[in-house]
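Structural overview
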Amino acid sequence: MIYIIWLVLLSLFVFSFLVPKFPIWIPVLAYLLVVGVRVKEKYGNYLDWIEKNHRDEERAIDANLHDFEIKGLATSGMRLKQENHIKKDFEYERKKQKRQRDTELIDCLFIKK
C-alpha cells in the first residue's frame, strides 16, 4: 500500500514537471491529504489510548484502596506509597506512548509504515 501511494505521488510530481499546464500544487495537495489522514488516525489512536490508560489507572487505584480497606489500612502511609507507585507506573507508560506517538507522526511525514 505504501509503495502504491509513493508511486502515485512520484508520478504526479514527474507529470507536473513534464507537462507545463499541469500545476505543481496538485501533487503537493495529494501529499498533504495523505499525510493529514494518517496523522489524524495516529493522533486519534493516541488520544483513545490515553483515555483508556487514565481509566485503568483509576481502576488500579480503586482496587488498591479496596485491598487496603479489607486489611484495615485505608488511611495508612503504605497505601499512599502503593498509590504513588501505581501512578508512577502509569506515568511511565504514558511517556513511553508519547515517544512512540512522536515517532509515528514523524513516520507519517515520510509516509512510512
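Quick note: structure is the one above.
First things first, this report covers the structure right here in the doc.

Rules used in this analysis
- Residues numbered from 1 in each chain as written.
- Predicted model: local features only at pLDDT ≥ 70, side-chain atom pairs only at ≥ 80, totals over all residues.
- Heavy atoms only, no water.
- Patch = residues over 30% accessible without salt bridge, like charges linked within 9 Å, V, L, I, M, F, W, Y side chains within 5 Å.
- Areas by Shrake-Rupley, 256 points an atom, 1.4 Å probe, with all protein chains shown as cover.
- Salt bridge = Lys/Arg side-chain N within 4 Å of Asp/Glu carboxyl O.
- Helix = DSSP H or I, 4+ residues; strand = E, 2+ residues; numbered from the N terminus.
- Axes fitted to C-alpha atoms, helices over the stretch in contact; angles between N-to-C directions.
- Parallel < 35°, antiparallel > 145°, perpendicular 65-115°, else oblique.
- Contact = heavy atoms within 4.5 Å.
- Nonpolar A, V, L, I, M, F, W, Y, C, P; charged D, E, K, R; others polar.
- Core = buried A, V, L, I, M, F, W, Y, C linked by side-chain atoms within 4.5 Å.
- Buried < 20%, exposed > 50% of the residue type's maximum accessible area, 1.4 Å probe, protein only.

Looking now at a nonpolar patch on the surface. Judged by side-chain polarity, Phe17, Ile24, Trp25, Val28, Leu29 and Leu32 come together as a nonpolar surface patch covering roughly 650 Å² of accessible area. The dominant element in the nonpolar patch, judged by the number of residues it contributes, is helix 2 (residues 25-71), at four residues. By the secondary structure assignment, Leu32 is in helix 2.

This paragraph deals with the packing of helix 1 (residues 2-18) against helix 2. In contact at an axis separation of 9 Å, helix 1 and helix 2 are set at 155° when each is read in the N-to-C sense. Accordingly, the angle class assigned to the pair helix 1 and helix 2 is roughly antiparallel. Every residue of helix 2 that contacts helix 1 at Ile2, Ile5, Leu9, Leu12, Phe13 and Ser16 is listed here: Pro27, Val28, Ala30, Tyr31, Val34 and Arg38. Residues of the contact of helix 1 with helix 2, tallied by class, amount to ten nonpolar, one polar and one charged.

Once that is clear, we can look at the nonpolar core. In this structure, Ile2, Ile5, Leu9, Val35 and Ile111 together form the largest nonpolar core, which totals five residues. Take this core: its biggest share by element is three residues, from helix 1.

Right, let's talk about the environment of Ile2 for a bit. Among the secondary structure elements, Ile2 is positioned in helix 1. Ile2 sits in the buried class, given a relative accessible area of 18%. Here the alpha-carbon distance between Ile2 and Asp102, two residues 100 residues apart in the chain, equals 20 Å.

Any link to function would need more than the numbers given here.
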